[in-house]
Amino acid sequence: MFKRVLIANRGEIAIRIIRACQELGIETVAVYSEADREALHTRMADKAVCIGPAAAHASYLHIPSLLAAARMSGADAIHPGYGFLAENAYFAEMCALNGITFIGPAPEAMRLLGAKATARETMLAAGVPVVPGSPGVVKDLDAALAIAREIGYPVLIKATAGGGGRGMRVAESHRDLRQAFLAAQREAAAAFGDSLVYLEKYIEAPRHIEFQIFGDGYGNIIHLGERDCSLQRRNQKILEEAPSVALTPRLRAEMGQVALKVARHANYYSAGTVEFLLDSDGHYYFMEMNTRIQVEHPVTEAVTGIDLVQEQIKVAAGEPLSFSQEDVQLRGHAIECRINAEDPANNFQPAPGRIEHYHAPGGFGVRVESAVYSGYVIPAEYDSLLAKVIIWAPSRAEAINRMARALAEMKIEGVPTTIPFHRQIMGNAYYQRGEIYTNFIQQRLLAG
Ligand code: ADP
């Protein structure tokens, strides 16, 4: 087992990883930017190293500083968390070259799955159902028009390097596509440093269903069921739950097998997520695979009882998976609400500032993952996630009640947050019936 793990991240996920290490008896090294001097993760770790100025590119994304911090502190492994360098194959390679274990999949798997158009092409060839669209990258407008004619409108232009719900554009017609195609390429180049785009049929009001998979270095690979992440705002997840009301045991088993096929095809090990869209006719389509631990991993932990971060660390240290497919039994229902420092009344504008008062909810079945405290000043440089509230209960209806109770108990004063918005969702009749599609917020909440 590792002696000392450096956590190349900040916020709630850094704390999540520190806790996992502590329980495994591993020492921890936190890194922080100048904007994060007062951050909780720096205090919870055994050691903390400043790695640069506030701007992420000069600190949390700066590979030489991270490697220097790891060497200086004697860390033998690095956990990247999510975001930042978590899906950067070059970083994983540099860790290996420096004799440090990267806690995640092999760089080759990250490369294969990281470029979305390539992943699509590979999985299409492997016989995995993908969203109808271009086989790979679309070179020019003429090719795009030809594909759109074939699959029919509306179509979605997606950046192969896109992520976080960004880099997508819908086109309803030939005329739209003509206008949108070049703009999409330009935007992709500006946002991701890569102008390559591909086309997908735009699926109307689908559900976003993703499978958690897990593999070790000995060829064992299993899945831990699905998460329903259909509740989104502008293609970004805001609430996730497990299991999905839309899946029968039979569909779950079938999609789980397809997810494993995707993972096996990439020789995958460690934690990963295979994302699908499920349309109203029950057809599912592979969208992409994320090669990291995800924000919403706790809902899977809640229904399976398996600590995914500890498992990532053990597998990276060379241990075989500690459970088999038969050991994975889904129990009860879990919901996660992402509490962001955003103003729902003002188009969800991020609202950094000082938290005057913080009180976390508690009680049976309530878990809070957060990095804030009373008096904490939220830096403007990073994302606006303040806390995740994760509820477990025997049934979905009880989980909704419990979430409503916990959200009522939670206090964050000083900045606007999405707590009232989540309370509204819990009280929504469509939500309560499980009628959730990716357009839910637009259709059922904001429309009035
Ligand atoms: P990212 O990596 O940026 O999160 P994804 O490919 O996972 O991008 O897509 C994010 C969300 O965008 C999906 O959950 C879904 O709501 C929407 N989306 C993506 N592709 C399609 C599609 N072909 N049709 C309809 N919605 C889509």
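Reading the values: rules and limits
Along every chain, residues carry numbers that run from 1 in the direction the sequence is written. Residue-level local features of this predicted model are given only where pLDDT is at least 70; pairs of side-chain atoms are given and counted only at 80 or more, and the full residue set underlies all totals for whole chains, interfaces and linings. Hydrogen atoms and water are omitted, and side-chain values are computed over all heavy atoms in the structure. Working definition: a ring pair exists when centres of Phe, Tyr or Trp rings (six-membered ring for Trp) sit within 6.5 Å. Plane angles under 30 degrees give stacked, over 60 give edge-to-face, the rest tilted. Helix numbering and strand numbering both begin at the N terminus, where a helix is a DSSP run of H or I of at least 4 residues and a strand a DSSP run of E of at least 2. Whether a residue is buried, partly exposed or exposed follows from its accessible area with a 1.4 Å probe, protein chains only, as a fraction of its type maximum: under 20%, in between, or over 50%, in that order. Whether a charge sits over a ring comes down to the Lys NZ or Arg CZ being within 6 Å of the ring centre and within 35 degrees of the ring normal. Read the arc as the range of directions from the helix axis to the C-beta atoms. Throughout this description, the term nonpolar core refers to a set of buried Ala, Val, Leu, Ile, Met, Phe, Trp, Tyr and Cys residues connected via side-chain atoms within 4.5 Å. Here, residues are in contact when the closest pair of their heavy atoms is within 4.5 Å. Fitted lines through C-alpha atoms give the axes, limited to the stretch in contact for helices. The angle between two N-to-C directions lies from 0 to 180 degrees. Here is the rule for handedness: rotate from the far helix to the near one, and if that takes an anticlockwise turn smaller than a right angle the crossing is left-handed, while a clockwise turn gives right-handed. Three residue categories are used. Nonpolar comprises Ala, Val, Leu, Ile, Met, Phe, Trp, Tyr, Cys and Pro, charged comprises Asp, Glu, Lys and Arg, and polar comprises the others, including Gly. Just to be clear on terms, a salt bridge is a Lys or Arg side-chain nitrogen sitting within 4 Å of an Asp or Glu carboxyl oxygen. The definition of a polar contact used here is a pair of N or O atoms within 3.5 Å, where within protein one atom must be able to donate a hydrogen and the other to accept one, and adjacent residues in sequence count solely through side-chain atom pairs. Throughout this document, a residue counts as near a molecule or strand when at least one of its heavy atoms sits within 4 Å of that molecule or strand. For the accessible areas, the method is Shrake-Rupley and the probe is 1.4 Å, while residue cover comes only from the protein chains on display. Each domain's limits were defined by an automated method or a database of domain assignments. What counts as a disulfide here is a pair of cysteine sulfur atoms lying within 2.5 Å.

Chemist: Can you lay out the packing of aromatic side chains for me, pointing to particular residues and giving the numbers?
Modeler: For the structure shown, the criterion picks out nine aromatic pairs. With a centroid separation of 6.5 Å and 75° between ring planes, the pair formed by Phe214 and Phe323 is classed as edge-to-face. You can see Phe214 sitting in strand 9 (residues 207–215) and its partner Phe323 sitting in the loop between helix 11 (308–316) and strand 14 (333–340), a full 109 residues away along the chain. When the ring of Phe276 is compared with that of Tyr284, the centres are 5.8 Å apart and the planes differ by 90°; the resulting orientation is edge-to-face. By relative accessible area, Phe276 is classed as buried at 0%. Residue classification places Tyr284 among the buried positions, given a relative accessible area of 12%. A cation over an aromatic ring shows up here: Arg433 above the ring of Tyr430, its NZ or CZ 5.0 Å from the ring centre. Note that Arg444 overlies the ring of Tyr430, its terminal NZ or CZ placed 3.8 Å from the centroid.

Chemist: Describe helix 13 (residues 419–426), with residues and values.
Modeler: Regarding helix 13, the residues found buried are Ile419, Phe421, His422, Ile425 and Met426. Along helix 13, the residues classed as buried sweep out an arc of 160° about the axis, all on the same side.

Chemist: Give a detailed account of the nonpolar core, specifying residues and quantitative values.
Modeler: One finds Ile425, Met426 and Tyr431 to be the most contacted residues of the largest nonpolar core, which totals 37 residues. Elements represented by at least two residues in this core include exactly strand 11 (236–242), strand 14, strand 19 (385–393), helix 12 (396–409), helix 13 and helix 15 (440–446). Each residue touching Met426, except ones within four places of it in the same chain, is listed here: Leu239, Ile335, Cys337, Ile400, Met403, Ala404, Leu407, Tyr431 and Gln432. The next biggest cluster of nonpolar side chains, apart from the first, holds 29 residues, and it includes Val5, Ile17, Leu224 and Ile313.

Chemist: Report on the environment of Leu308, specifying residues and quantitative values.
Modeler: Checked against the element boundaries, Leu308 lands in helix 11. Given the relative accessible area of 0%, Leu308 is considered buried. The spatial distance from the C-alpha of Leu308 to the C-alpha of Ala20 is 9.3 Å, given a sequence separation of 288 residues.

Chemist: Any chance you could break down the packing of helix 1 (residues 11–23) against helix 11 for me, citing the residues and the numbers?
Modeler: Look at helix 1 against helix 11: their axes get within 9 Å of each other, and the N-to-C directions meet at 65°. The crossing of helix 1 and helix 11 is right-handed. Where helix 1 approaches helix 11, its residues Arg16, Ile17, Ala20, Cys21 and Glu23 are matched on the opposing element by Leu308, Val309, Gln310 and Ile313. Residues of the contact of helix 1 with helix 11, tallied by class, amount to six nonpolar, one polar and two charged.

Chemist: An account of the pattern of salt bridges is needed here, citing residue identities and associated values.
Modeler: Scanning all chains against the criterion turns up 28 salt bridges. In this structure, Glu93 and Arg111 form a salt bridge, with 2.7 Å as the shortest nitrogen-oxygen distance. Placement of Glu93 in helix 4 (residues 89–97) and of Arg111 in helix 5 (residues 107–114) is noted, with a sequence separation of 18 residues between them. The class for Glu93 is partly exposed, based on a relative accessible area of 26%. With a relative accessible area of 46%, Arg111 lands in the partly exposed category.

Chemist: Tell me about the side chain of Ser59, residues and numbers included.
Modeler: The topology assignment puts Ser59 in the loop between strand 3 (47–52) and helix 3 (63–73). By relative accessible area, Ser59 is classed as buried at 0%. Among the polar contacts listed, one links the side chain of Ser59 to the backbone oxygen of Ala55, at a separation of 3.1 Å. Every residue in contact with Ser59, bar those within four places of it in the chain, is listed here: Ser33, Ile51, Gly52, Pro53, Ala54, Leu66 and Tyr382.

Chemist: Explain the site of the ligand to me, using residue names and the numbers behind them.
Modeler: Taken together, 21 residues surround the ligand, and among them Gly165, His208, Gln232, Glu275 and Glu288 come closest. The separation between a nitrogen atom of the ligand and a polar side-chain atom of Lys158 is 2.9 Å. In the model, an oxygen atom of the ligand is placed 2.5 Å from a nitrogen or oxygen of the Gly165 main chain. When isolated, the ligand has an accessible area of 550 Å², and the protein chains bury 94% of it. For the shell around the ligand, the elements supplying multiple residues, two or more each, are strand 6 (155–159), strand 8 (197–201), strand 12 (270–278) and strand 13 (284–290). Among the residues forming the shell around the ligand, the class breakdown is seven nonpolar, seven polar and seven charged. Taken domain by domain, the shell around the ligand gets at least three of its residues from each of domain 2 (132–201) and domain 3 (207–445).

Chemist: I'd like to hear about the state of the cysteines, residue by residue, with values.
Modeler: The tally for this structure, following the rule as stated, stands at zero disulfides. In this structure Cys229 is not part of a disulfide, and its nearest cysteine sulfur, from Cys337, lies 13 Å away. For Cys337, a relative accessible area of 0% gives the class buried.

Chemist: Which residues make up the environment of Gln236, and what values do they have?
Modeler: For Gln236, the location among the structural elements is in strand 11. Sequence-wise, Gln236 and Thr438 are 202 residues apart; in three dimensions their C-alpha atoms are separated by 9.4 Å. When sequence neighbours within four positions are dropped, the list of residues in contact with Gln236 reads Gly164, Gly165, Arg166 and Leu231. Only 3.1 Å separates the side chain of Gln236 from the backbone oxygen of Gly164, close enough to count as a polar contact.

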